[in-house]
Amino acid sequence: MSTIYDRIKARRLELGLTVEELAQQLGYKDKSSISKIENGKADIPQAKVELFARALRTTTAYLMGVDGPALPPGCEPMPPMRQVPLVGRIACGMPILAEQNIEGMISVPEGWRADFVLTCRGDSMAPLILDGDLVAVRSQPEVENGEIAVVRIDDEATLKKVNFDGTTMVLQPLNPAYPLMTYTGAALADVHIEGKAVGLCRGL
């Protein structure tokens, strides 16, 4: 099933527009913003869906995959969902997706391309991510600087903003009450990026 990102790209190609031309029409500074949206790596604010529809000479209903009239303002269609494992406390010595760590299955939007969900514990990432929030994660061994990732240190998993310069990795909490976590030299061998945070579920 196609997503809003797929339909934007398909319609752009149908009209013969380049990424640069669409970015210019929508007021984005460069084409990378459009590329990220078309690849599902960046979300579109509800307020901008109509602008995309105008630029692509189509309707918001088409872009959102709605059959019939567009939804009332402020409403969004339910996106396609998929089930991914809900991971609890990490068992000693076990990979993060080992059977012993999985507590059940959770439905998350398909567009997130998540591989698992973790329950956040503590307030080191407040106010963005709160204690008890479910964080959807896409498995990958590296993230870009400034992105929030699940990082496994020995047998504990932590959620932090990551910065790495090739020799030193700094894990940054968002809550200023918590200190930076810095790893360099031999200590880096115990630090493993498990994936990138791609979505947040609150109130489940």
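Located above this text is the structure these notes cover.
Described in the following lines is the structure provided in the data block. Only a predicted model underlies this, so the values are computations on that prediction, with no experimental measurement involved.

**What to know about the pairing of strand 5 (residues 148-153)**
Phase 1 of the analysis: Of all the six residues making up strand 5, six are buried; the element is thus mostly covered by neighbouring parts of the structure.
Phase 2 of the analysis: In strand 5, alternate side chains face the same way, and those of Ile148, Val150 and Arg152 on one face and Ala149, Val151 and Ile153 on the other are all buried.
Phase 3 of the analysis: Alignment of strand 5 against strand 6 (residues 156-164), held across six bridges, turns out to be antiparallel. Residue pairing for strand 6: Val151 is matched across the bridge by Thr158.
Phase 4 of the analysis: Taking the residues that link successive antiparallel strands as the turn, the strand 5-strand 6 hairpin has two residues, and the phi of Asp154 there is positive, at about 55 degrees.
Phase 5 of the analysis: One ladder, built from five bridges, connects strand 5 with strand 9 (residues 191-201); its direction is antiparallel. For Arg152, the partnering residue across the bridge sits in strand 9 and is His192.

**Some remarks on the side chain of Thr158**
Phase 1 of the analysis: Take Thr158: it is sitting in strand 6.
Phase 2 of the analysis: For Thr158, the side chain forms a polar contact with the side chain of Lys160, separated by 2.7 Å.

**Some remarks on the packing of aromatic side chains**
Phase 1 of the analysis: With the rule as written, the count across this model stands at one aromatic pair.
Phase 2 of the analysis: On the numbers, 6.4 Å between centres and 55 degrees between planes, the contact of Tyr28 with Phe52 is tilted. With Tyr28 in the loop between helix 2 (19-26) and helix 3 (32-38) and Phe52 in helix 4 (residues 46-55), this pair connects stretches of sequence that are 24 residues apart.
Phase 3 of the analysis: Its relative accessible area of 18% is what places Tyr28 among the buried residues.

**Quick look at the pairing of strand 1 (residues 81-87)**
Phase 1 of the analysis: In the sheet, strand 1 pairs with strand 2 (residues 102-109) via seven bridges, with the strands oriented antiparallel. Paired with Gln83 across the two strands is Ser107, which belongs to strand 2.
Phase 2 of the analysis: Where strand 1 and strand 3 (residues 116-119) come together, two bridges link them in parallel fashion. By the bridge assignment, Leu86 is partnered in strand 3 with Val117.

**Quick notes on unusual backbone geometry**
What is expected of a backbone is that most residues other than glycine have negative phi and most peptide bonds are trans.
Phase 1 of the analysis: Here the amide bond leading from Ala126 into Pro127 is cis, since omega sits at 10 degrees, within 30 degrees of zero.
Phase 2 of the analysis: Among the structural elements, Pro127 can be located in the loop between strand 3 and strand 4 (134-139).
Phase 3 of the analysis: The residue Arg57 is not glycine, and still its phi comes out positive at about 55 degrees.
Phase 4 of the analysis: With respect to the element layout, Arg57 can be found in the loop between helix 4 and helix 5 (60-63).

**Topic: the side chain of Arg138**
Phase 1 of the analysis: As for its position among the elements, Arg138 is in strand 4.
Phase 2 of the analysis: Separated by 2.8 Å, the side chain of Arg138 and the backbone oxygen of Trp112 make a polar contact.
Phase 3 of the analysis: When residues no more than four places from it in sequence are discounted, the contact partners of Arg138 are Gly40, Trp112, Arg113, Ala114, Asp115, Glu194, Gly195, Lys196 and Val198.

**Observations concerning the sheet that holds strand 2**
Phase 1 of the analysis: Taken in spatial order, the nine strands make up an open sheet running 2-1-3-4-9-5-6-7-8, and their pairing is mixed. Lying at the two open borders of the sheet, with one neighbouring strand each, are strand 2 and strand 8 (181-184). Averaged over neighbouring strand pairs, the angle between their axes works out to 45 degrees when direction is ignored.

**Topic: the pattern of salt bridges**
Phase 1 of the analysis: The final tally for this structure, using the stated rule, is six salt bridges.
Phase 2 of the analysis: Put simply, Glu20 and Lys31 hold a salt bridge, and the shortest N to O gap is 3.5 Å. A residue pair is termed long-range when its members are at least 10 positions apart, and Glu20 in helix 2 and Lys31 in the loop between helix 2 and helix 3 qualify at eleven residues.
Phase 3 of the analysis: Take Glu20: its relative accessible area is 42%, and that puts it in the partly exposed class.

The rules we used
Going along each chain's sequence as written, the residues are numbered from 1 onward. In keeping with the predicted nature of the model, local features appear solely for residues at pLDDT of at least 70, side-chain atom pairs appear and are counted solely at 80 or more, and the whole-chain, interface and lining totals rest on all residues. Excluding hydrogens and water, the side-chain values take into account all heavy atoms of the structure. Remark: exposure states derive from per-residue accessible area (1.4 Å probe, protein chains only) relative to the maximum for the residue type, with buried under 20%, exposed over 50%, and partly exposed in between. Comment: elements are numbered from the N terminus, with helices defined as DSSP H or I runs of at least four residues and strands as E runs of at least two. Pairing between two strands is assigned when DSSP locates at least 2 bridges connecting them. Within 3.5 Å is the distance limit for a polar contact, defined as a pair of N or O atoms, with the added protein rule that one can donate a hydrogen and the other accept it, and that residues adjacent in sequence qualify only through two side-chain atoms. Classification of ring pairs uses Phe, Tyr and Trp, with its six-membered ring standing for Trp, and accepts pairs whose centres are within 6.5 Å; under 30 degrees between planes counts as stacked, over 60 as edge-to-face, and the remaining range as tilted. Residues are treated as being in contact if the distance between any of their heavy atoms lies within 4.5 Å. Orientation is described by axes fitted as lines to C-alpha atoms, over the contacting stretch for helices, and by angles from 0 to 180 degrees between their N-to-C directions. In the sections that follow, a salt bridge refers to a side-chain nitrogen of Lys or Arg positioned within 4 Å of a carboxyl oxygen of Asp or Glu.

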